Amino acid sequence: MAAGAVEPFDAVDVIAEKRDGKELSGEEIAWVIDAYTRGAVADEQFSALLMAVFLNGLSRGELSAWTDAMIRSGERASYPGLDRPLVDKHSTGGVGDKITLPLGPLVASLGAAVPQLSGRGLGHTGGTLDKLEAIPGWRADLSPEAIRDILAGPGAVVAAAGSGLAPADKKIYALRDATGTVESIPLIASSIMSKKIAEGTPALVLDVKVGSGAFMKDAGAARELAETMVALGRDAGVETRALITDMSVPLGRTIGNALEVREAVDVLNGGGPADVRELTVALAAEMLDAAGVKVTDDEVAAALDDGRALKVWREVVAAQGGDPDAELPVASHTEVFAAPRSGVVAGLDALALGVASRRLGAGRARREDPVQAGAGIEIHARPGERVEAGDPILTLHTDTPERVPRALEAIEPGVTIADEAPEPRPLILGRVG
């Protein structure tokens, strides 16, 4: 808007409408997000609007307009001239969630292209970029031209999201964090989907996690979030579906950057933990179907077993400057957490182990914190497995042994041994779309 121009709406009027439970028009929403992004609406005014949304919600029409306005605050990526369909995947975050690493090469090996713009870890959840940066030489910062070239070649890429995608979201998220409005399903959904839609793929599969190690602790809230995001994607013309998956226990048998890369390569070699393989195959099948590539689950699994996905992984790592044959970093200190008594592992709390891994150096409490590539946790016994007193349940890895006592403080209440095995819990709890 030109300097000195009169704004078409008044922020106080928009706040009052939402405060009183009225539905905002698309024009009001487009204006207020644009005005806040360019500084014409003050932080305290937008804070009041966020609280009104937190308390009164957004209708489907309001939410679509809100998300569209956030997308329009920046650029929308495109990948012209590719000869294969595009599809993306997003996870709401968890502990030991290394699925992105084998998933992209697997889907690419079966005929679709996978551009994934990802982030770094914060709090108890790991970041995909941190994991891949454990590979010597691998780089996340790629130009749009480099991303397109890799998609046209090996077919899968994981890169750092640029500042040009949905810049309104970055500004709004910082304000939500400071105003107690993070835990709002419409605001969570619009934050995630504005960035994913701006990434420019016509198909998207969501992995919405629920449990102690997930952002959503409640199954009903996780389903509501999944349904909201699927509706937003489809309103924007993106073929969207979601799996709701369990995050009460960490995924796989490793937590931490280089440790998870090794486990992902095991999966690409046709092995790896059963749960990581199961979720990788299920999400790949959904992604391929959403992209219009018709394959069976058995055909997807075969691409892990016969080396096709591993070949793409090696090509993708090399295309991003990494050495797929390089030795991965190893922490200088390890310490075993042993079973305090004989029995069956009944609980292995994902949040407790995620916090412990961060305290060992694998994650960060603040965005500016460094991470240790070799730090993390190996899991030797998962729920349902029998142990004898003194058997190793976990091995802690760190370059700074003084971190171990606080990590153990987090672990001890999160590991439970019982006389009987717990009731098995399915990994995939539901599907939307």
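Check the entry above for the structure.
Residues numbered from 1 in each chain as written. Predicted model: local features only at pLDDT ≥ 70, side-chain atom pairs only at ≥ 80, totals over all residues. Heavy atoms only, no water.

1. With respect to the packing of aromatic side chains
Overall, the coordinates contain three aromatic pairs when judged by the stated rule. An angle of 15 degrees between the planes, with centres 4.4 Å apart, marks the rings of Tyr 36 and Phe 46 as stacked. Residue Tyr 36 is found in helix α2 (residues 26-37), and its partner Phe 46 is found in helix α3 (residues 43-56); the two are separated by ten residues along the sequence. Ring geometry for Phe 46 against Trp 66: centres 5.9 Å apart, planes inclined by 45 degrees, an arrangement best described as tilted. (Phe/Tyr/Trp six-rings, centres within 6.5 Å; stacked < 30°, edge-to-face > 60°. Helix = DSSP H or I, 4+ residues; strand = E, 2+ residues; numbered from the N terminus.)

2. Thoughts on the nonpolar core
Ranked by internal contacts, the top residues of the largest apolar core, which has 81 residues, are Val 107, Trp 313, Ile 377, Ile 393, Leu 394, Leu 396 and Ile 411. In terms of residue count, the dominant contributor to this core is helix α12 (residues 274-290) (ten residues). The residues that make up this core include at least three from each of domain 2 (87-320) and domain 3 (333-418). Setting aside chain neighbours within four positions, we find Ile 377 in contact with Arg 253, Thr 254, Ile 255, Leu 259, Leu 353, Ala 356, Ser 357, Leu 360, Leu 394, Thr 395 and Ile 411. (Core = buried A, V, L, I, M, F, W, Y, C linked by side-chain atoms within 4.5 Å. Buried < 20%, exposed > 50% of the residue type's maximum accessible area, 1.4 Å probe, protein only. Domains from an automatic or database assignment. Contact = heavy atoms within 4.5 Å.)

3. Examining the environment of Val 230
With respect to the element layout, Val 230 can be found in helix α10 (residues 219-235). Separated by 101 residues in the primary sequence, Val 230 and Ala 331 place their C-alpha atoms 41 Å from one another. Excluding residues that lie within four positions of it along the chain, Val 230 makes contacts with Leu 206, Thr 240, Arg 241, Ala 242, Val 432 and Gly 433.

4. Some words on the sheet that holds strand β7 (residues 333-338)
The sheet built from four strands is open, its strands ordered β6-β9-β11-β7 with antiparallel pairing. Lying at the two open borders of the sheet, with one neighbouring strand each, are β6 (254-255) and β7. As defined by bridge partners, strand β9 (residues 376-379) adjoins strand β11 (residues 392-398) across four bridges and the pair is classed as antiparallel. When the sheet's bridge partners are listed, Glu 378 is paired in β11 with Thr 395. Strand contacts of helix α15 (residues 350-360): β6, β9 and β11, with the helix running at about 135 degrees to β9, the strand carrying the most contacts. Against the sheet, helix α16 (residues 404-411) touches β7, β9 and β11, its axis set at about 145 degrees to β11. (Pairing = 2+ DSSP bridges. Axes fitted to C-alpha atoms, helices over the stretch in contact; angles between N-to-C directions.)

5. A look at the pattern of salt bridges
Following the criterion strictly, the structure yields 28 salt bridges and no others. Close ionic contact of Glu 62 with Lys 18 constitutes a salt bridge, the shortest N to O distance being 3.0 Å. Of this pair, Glu 62 sits in helix α4 (residues 60-72) while Lys 18 sits in helix α1 (residues 11-19), and the two are 44 residues apart along the sequence. For the pair shown, Glu 62 and Lys 18 are each scored as buried. Note that Arg 223 and Glu 227 form a salt bridge whose closest N and O atoms lie 3.7 Å from each other. (Salt bridge = Lys/Arg side-chain N within 4 Å of Asp/Glu carboxyl O.)

6. Comments concerning a nonpolar patch on the surface
A contiguous nonpolar surface patch, about 270 Å² in accessible area, is contributed by Met 51, Phe 54 and Leu 55. Checked against the element boundaries, Met 51 lands in helix α3. A relative accessible area of 32% places Met 51 in the partly exposed class. (Patch = residues over 30% accessible without salt bridge, like charges linked within 9 Å, V, L, I, M, F, W, Y side chains within 5 Å. Areas by Shrake-Rupley, 256 points an atom, 1.4 Å probe, with all protein chains shown as cover.)

7. As for the sheet that holds strand β13 (residues 428-432)
Judged by pairing direction, the sheet is mixed, and its four strands sit side by side in the order β1-β4-β5-β13 without closing on themselves. Looking along the sheet, the strands with just one partner apiece sit at the ends: β1 (88-91) and β13. Going from strand to strand, the sheet's axes swing by 20 degrees on average, the running direction of each strand aside. Bridge count for strand β5 (residues 239-246) against β13 is four bridges, and the pairing is antiparallel.

8. Details of the layout of surface pockets
Computed from the structure, the second largest pocket encloses a volume of approximately 520 Å³. Along its surface, the second largest pocket is lined by 22 residues, and Asp 246, Val 249, Arg 382, Pro 383 and Arg 425 are the ones closest to its centre. Elements with a minimum of two residues in the lining of the second largest pocket: α12 and β8 (343-348). Each residue belonging to the lining of the second largest pocket can be placed in one class, and the counts come to 13 nonpolar, three polar and six charged. Looking at the lining of the second largest pocket, you find at least three residues from each of domain 2 (87-320) and domain 3 (333-418). (1 Å grid on protein atoms, 1.4 Å probe; cavity = no way out; pocket = protein on both sides within 12 Å on 5 of 7 lines; lining within 4 Å. Points joined across faces, edges and corners; volume = space filled by probe spheres on them. Nonpolar A, V, L, I, M, F, W, Y, C, P; charged D, E, K, R; others polar.)

9. Some remarks on the packing of helix α8 (residues 167-179) against helix α9 (residues 185-198)
Put simply, α8 and α9 touch, their axes get as near as 11 Å, and they point 155 degrees apart. Considering their axes alone, α8 and α9 lie roughly antiparallel with respect to each other. α9 is crossed by α8, and the crossing has left-handed handedness. Touching Asp 169, Tyr 173 and Arg 176 of α8 are Leu 187, Ile 188, Ser 191, Ser 194 and Lys 195, all from α9. For the contact of α8 with α9, a count of residues per class yields three nonpolar, two polar and three charged. (Parallel < 35°, antiparallel > 145°, perpendicular 65-115°, else oblique. Left-handed = near helix turned anticlockwise from the far one by under 90°.)

10. So, the pairing of strand β4 (residues 203-210)
Among the eight residues in β4, eight count as buried, and that is most of the element. Of the two faces of β4, the one lined by Ala 203, Val 205, Asp 207 and Lys 209 and the one lined by Leu 204, Leu 206, Val 208 and Val 210 are each fully buried. Pairing of β1 with β4 involves four bridges; the strand directions are parallel. Following the sheet pairing, Lys 89 is matched in β4 by Val 205. As judged from the eight bridges shared by β4 and β5, these two strands associate in the parallel manner. From the neighbouring strand, Val 210 faces β5, where its bridge partner is Asp 246.

Interpretation in functional terms is not warranted from these geometric data alone.
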